[in-house]
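So you can see what is in the structure, the chains are spelled out below.
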Amino acid sequence: MTDRPTAVPPGTRILHVGMHKTATTVIQNAARAHRDDMWRHGAWYPGHGKDHIDETRALWQDSASAEVEEANEDRWQDFAAELSRNPDRRTLVSAEHLAGLSEANRRRLVAAAGGEPHIVITARPLAAMLPSIWQQIVKERREVSFETWLEKIFAEPRKRHFVRAFWQRHDLGALAEGWARVTSPDRVTIVMLDKRRPQLLYDAFEGFLGMPEGSLVTEGLDAYRSNRGLSVEEVDLLRRVNRQLDGAANAGGHYYRLVRNGMVGGMQLCRRPGPEEGVLAVPERFMDLATDAARDAIAQIRATGVRVIGDLDTYAEPSRPATVETFEPRDIGTDVLVEALAGIVASSTRSGVGFERAPMREGAERFVGAKAQAVPIEPHDGTVTLTFGGAPDAVATAADAVAAVGDAAAVAIALPHLSDEVFGAWEHALARGEERPFDAWLAWAASREAWGARGALADPGALASVVAALRDARPDADVSVGLVPEDGGCLPGPVASVLGRVGARSARRGIAVDEYEELIAGALASLKAGDGGRSPLTEPLTGGLLEDYRAARGAALAQLPDGLMPEEGQAWAKQQAVMPTEVPTERIRTVAAASLCVGAILASRDAYEAAHRHPDDALAASAAPGAARPRSVPQPSRLPSPIRRLLRATRGR
């Protein structure tokens, strides 16, 4: 074990080439934060960003096209020219992707550095690195499980592309030998990190750069910028989101914006995982393979003769045992999902990671913006079906109804069962940031003063005006009214709890309410398209809370033109409602959690792409705080099955 290194000669370029997941982010953030201090002490950190990954992309990335390759090469040439400046200063270049360069590109980097550059490789025990490396792979859109990945790494031949790429970056012995070959062993140093000696990392770089002790130490780096590791529950949610997305957010930078910065950034910045969520560790059946590979690397390093700061033997230390029985939990804590979904909302609404650019403003209005207008629904066989009610995809006013039917030849007005009206309005309220529990919300939503408000029950008295307005606007259209059979399910309790908490996290931050609603509506649509969107756990709603509402339904039917509503339709005024059964809300099925996140991600992607395709329309204008957005209405091909049955019935009359 050696002490703090002496400074390299003035003018030396220090090339910090990784490895991945060895506190490279810590050193890069420290160098960025102390650029001025480095300059005062005769050192230099080129550029303006955190690291030099983009500047060196031409060396380590296989380009997808000739155009990208040319752009990467131009940026590299500019950076190489920049490195030739300030020849009297000790200069730090840091990019963990440089670890796995081919020998030809190593020589290009060394030549660009000029003189006699010094290579620094940071490392920590291999068994401890493996979970972090796998997590990073999952953050790059992969869905492979941890154990499957380990099997590939240790069981498959190293010449296979995936396995070769891993060991090219993470075989410490081969890295030391390869970099010594293009420089010399005395100009390669391995810094072995040690949790028992956290100062060792700073000491090493301060020593190389000739800076005073403690001058690079950076306090208060948050968990997002230090790239804290994810818990078992957090990373499994991410892996399932990747699986459901299946590449749908890859283009246009949406994945990085909404998943890496949004979902992952929100979890990292806004929560601290508890021990019950599990810590990833190499399973026992792989431990011998990991330690054997590390011992081989240690022997190779010692034979190479490169310098080592720290205890090289720790590279072969076994990791602590895993704290959970499975790395693929069936369910996760709802607080994990709250921060993941809130992170997507924050990124989508340009509010920064975890809303850091839009802090909560006490006393401010909850959300902002005006009501969005309905948009025309595409007719199905010449008929448009409208659901009358308070659900997000329903119409509750004459103006919305007329706007939605366009020039359809026939209009079928579907009257939902009372339970479905209640649950639909509840979902609408949650999509608009409702924080109150169901019973408190319903006490407001069922009051006569609230009828017709967004997020409340529809005003039954508006039904006659909807029919009259449609007949006036489309006198040649066939307008009919019919009941929809009861759907018989409610939003699962954990989902409602999560949405209420996300609404609380998002409120009073200057977000346009219709922009927020579009994201949550997308989340709910994705959830309901799968198996976990409805819960059968309901119980009768007692207490007379809906007596006035049933009476108003009866009065509304009496105002309809004779013959418009079939006799059985009178049951609409006598229906009984159910309410969600109270259930534990601390945990949620992982697949349902992933569906909610994916729906919000795709809704944000679609809105962004639509805005950039049509820069003058209202969707693009919604980028301004408080602006309204057109409301999405399901197309007939996606209508719920009870409404499709009603549609077939009206066509048969």
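K.L.:
Go over the overall build of the chain with me, naming the residues and quoting the values.
P.N.:
The helix and strand tally for the chain stands at 24 helices and 13 strands. Taking contacts inside the chain between residues at least 6 apart in sequence as the whole, the part at least 24 apart equals 82%. Accessible surface, the chain as shown: approximately 27700 Å² in total, 49% of it carbon and sulfur. Positive and negative side-chain charges in the chain, numbering 77 and 88 respectively, have mean positions lying 3 Å apart.

K.L.:
Can you lay out helix α13 (residues 284-304) for me, pointing to particular residues and giving the numbers?
P.N.:
Between its terminal C-alpha atoms α13 stretches 31 Å, which fits the 30 Å expected from 21 residues at 1.5 Å a residue. Along α13, the residues classified as buried are Phe286, Met287, Ala290, Thr291, Ala293, Ala294, Ala297, Ile298, Ile301 and Thr304. Taken end-on, α13 shows its buried residues confined to a sector of 165°, consistent with a single buried face. The outward face of α13, more than 90 degrees from its buried face, is lined by the exposed residues Arg285, Asp288, Asp296, Arg302 and Ala303. Tucked inside the fold, the buried residues of α13 contact α6 (126-138), α7 (146-155), α8 (161-170), α9 (172-182), β5 (188-192) and β6 (307-309). Taken from the residues just after α13, glycine 305 is the one with a positive phi, measuring 90°.

K.L.:
Could you give an account of the sheet that holds strand β4 (residues 118-123), with specific residues and numbers?
P.N.:
Read from one edge to the other, the open sheet built from six strands follows the order β2-β3-β1-β4-β5-β6, with strand pairing classed as parallel. Sheet topology places β2 (43-44) and β6 at the edges, where each strand pairs with a single neighbour. The pairing of strand β1 (residues 13-16) with β4 spans three bridges and is classified as parallel. Its bridge partner being in β4, isoleucine 14 is matched across the sheet by histidine 118. Strands β1, β3 (90-94) and β4 of the sheet are contacted by helix α1 (residues 24-33), whose axis makes an angle of about 135° with β3. Here helix α4 (residues 66-83) sits on the sheet in contact with β1, β2 and β3, set at roughly 160° to β3.

K.L.:
Just give me the short version of the nonpolar core, but keep the residues and values in it.
P.N.:
Trp149 and Ile413 are the most contacted members of the largest nonpolar core, which has 166 residues in total. Counting 22 residues, the second-largest nonpolar core is a separate cluster that includes Val8, Ile14, Ala30 and Tyr202.

K.L.:
Now, about a negative patch on the surface: what can you tell me, with residues and values included?
P.N.:
A surface patch of like charges, here negative, comprises Glu67, Glu69, Glu70, Asp74 and Asp78. Structurally, the position occupied by glutamate 69 is in helix α4.

K.L.:
Describe the side chain of histidine 118, naming the residues involved and giving the relevant values.
P.N.:
Note that histidine 118 resides in strand β4. Among the residues examined, histidine 118 registers a relative accessible area of 9% and is labelled buried. When neighbours within four sequence positions are excluded, histidine 118 is seen to be in contact with Val8, Thr12, Arg13, Ile14, Leu15, Asp186, Arg187, Val188, Thr189 and Phe208.

K.L.:
Which residues make up the state of the cysteines, and what values do they have?
P.N.:
Where two cysteines share a covalent bond between their sulfur atoms, that bond is called a disulfide. Summed over the entire model, instances satisfying the criterion amount to zero disulfides. No disulfide involves cysteine 270; its nearest neighbouring cysteine sulfur is the one of cysteine 597, lying 14 Å away. By relative accessible area, which is 28% here, cysteine 270 ends up partly exposed.

K.L.:
Pulling in residues and values, what's your account of α8?
P.N.:
Listing the buried residues of α8 in full gives Val163, Phe166, Trp167 and His170. The buried residues of α8 all sit within an arc of 90° when viewed along its axis, so they share a single face. Buried positions along α8 lie against α6, α7, α9 and α13.

K.L.:
I'd like to hear about the pattern of salt bridges, residue by residue, with values.
P.N.:
Overall, the coordinates contain 44 salt bridges when judged by the stated rule. One salt bridge in this structure joins glutamate 151 and arginine 285, with 3.1 Å as the shortest N-O distance. Here glutamate 151, found in helix α7, pairs with arginine 285, found in helix α13; they are 134 residues apart in sequence, far enough to count as distant. Between arginine 550 and glutamate 547 there is a salt bridge; the shortest N-O distance is 2.7 Å. Taken as a pair, arginine 550 and glutamate 547 lie in helix α21 (residues 547-558) at a separation of three residues, close to a single helical turn. Classification of arginine 550 by relative accessible area gives buried; the value is 10%. For glutamate 547, a relative accessible area of 44% gives the class partly exposed. It is possible to trace a salt-bridge network through shared partners that takes in Arg228, Glu234, Arg271, Glu277 and Asp335.

About the thresholds
- Residues numbered from 1 in each chain as written.
- Predicted model: local features only at pLDDT ≥ 70, side-chain atom pairs only at ≥ 80, totals over all residues.
- Heavy atoms only, no water.
- Helix = DSSP H or I, 4+ residues; strand = E, 2+ residues; numbered from the N terminus.
- Contact = heavy atoms within 4.5 Å.
- Areas by Shrake-Rupley, 256 points an atom, 1.4 Å probe, with all protein chains shown as cover.
- Lys, Arg positive; Asp, Glu negative; His and termini not counted.
- Charge placed at Lys NZ, Arg CZ, Asp CG, Glu CD.
- Expected span 1.5 Å × (residues − 1).
- Buried < 20%, exposed > 50% of the residue type's maximum accessible area, 1.4 Å probe, protein only.
- Arc of directions from axis to C-beta.
- Pairing = 2+ DSSP bridges.
- Axes fitted to C-alpha atoms, helices over the stretch in contact; angles between N-to-C directions.
- Core = buried A, V, L, I, M, F, W, Y, C linked by side-chain atoms within 4.5 Å.
- Patch = residues over 30% accessible without salt bridge, like charges linked within 9 Å, V, L, I, M, F, W, Y side chains within 5 Å.
- Salt bridge = Lys/Arg side-chain N within 4 Å of Asp/Glu carboxyl O.
- Disulfide = S-S within 2.5 Å.

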